[in-house]
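# Structural description and commentary
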Amino acid sequence: MVQTKSELAKIIRERRSVKNNYLDKEVPQELVVELMEDAKWAPTHGMREPWRFIFVPSEEKEQFVEDLVATFPPDRQENRRNYFSKPAAFLIAVMKEDPRQKQWDENFGAISCFIQNFQLLAWEKQLGVVWKTNPHIYEPQVRELLDIQPGEKIAGFLHLGFFDEKPKSKERTPIEEKLTIYKK
């Protein structure tokens, strides 16, 4: 008997990070909020929900990019302007830090699950997402621009934009090569 893949399994296998070739189309705030309402059901240890988000809508993107680019050295600004101008909008994921390593790891796991849920939900709507963790997320000037508080960490910038051409699929290592079975 041949078992067919569930719709969820298909979406997990098909989803790709969309890094370029965004359509010139606004990303509605209502859609982002809708996707986030479902994504928030990610596992979260102790129901801490260690996340908050900053949405930069399409109509604010140009000014945001200029403010962000100003945090870079002058010789990098034009390059960064071109880079940040590609997405139609941004969703910045901010995580609560915890001085206790176990809780810090759990918080990072929770926000990572949230982001994965968001990416999968966005894929269904042909909203492309790529999760970026470039060095600027650690820069004090960027933290100040975004009002990141002590005890918070930028987990990443999610670049958003609609697409009409899916990125090519890349092969994955067979799980047998990554799995060890415990035996005594």
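Here, every reference points to the structure presented above.
Okay, so let's go over this structure. (Residues numbered from 1 in each chain as written. Predicted model: local features only at pLDDT ≥ 70, side-chain atom pairs only at ≥ 80, totals over all residues. Heavy atoms only, no water.)

### Quick word on the sheet that holds strand β2 (residues 89–96)
What the four strands build is an open sheet, ordered β1-β2-β4-β3; its pairing is antiparallel. On the outer flanks of this sheet lie β1 (51–56) and β3 (127–132), each paired with one strand and no other. Adjacent strand axes in the sheet meet at a mean angle of 25 degrees when their direction is disregarded. Where helix α2 (residues 29–39) meets the sheet, it contacts β1, β2, β3 and β4 (152–162), and its direction lies at approximately 165 degrees from that of β1. Against the sheet, helix α3 (residues 58–69) touches β1, β2 and β4, its axis set at about 65 degrees to β2. (Pairing = 2+ DSSP bridges. Helix = DSSP H or I, 4+ residues; strand = E, 2+ residues; numbered from the N terminus. Axes fitted to C-alpha atoms, helices over the stretch in contact; angles between N-to-C directions. Contact = heavy atoms within 4.5 Å.)

### A short note on the packing of α3 against helix α4 (residues 77–84)
It is the contact of α3 with α4, at a shortest axis distance of 9 Å, that shows an interaxial angle of 150 degrees. When the axes of α3 and α4 are compared, the pair comes out roughly antiparallel. Where α3 crosses over α4, the handedness of that crossing is right-handed. Residues Lys-61, Val-65, Glu-66, Leu-68 and Val-69 of α3 pack against Gln-77, Arg-80, Arg-81 and Phe-84 of α4. Grouping the amino acids of the contact of α3 with α4 by side-chain chemistry returns four nonpolar, one polar and four charged. (Parallel < 35°, antiparallel > 145°, perpendicular 65-115°, else oblique. Left-handed = near helix turned anticlockwise from the far one by under 90°. Nonpolar A, V, L, I, M, F, W, Y, C, P; charged D, E, K, R; others polar.)

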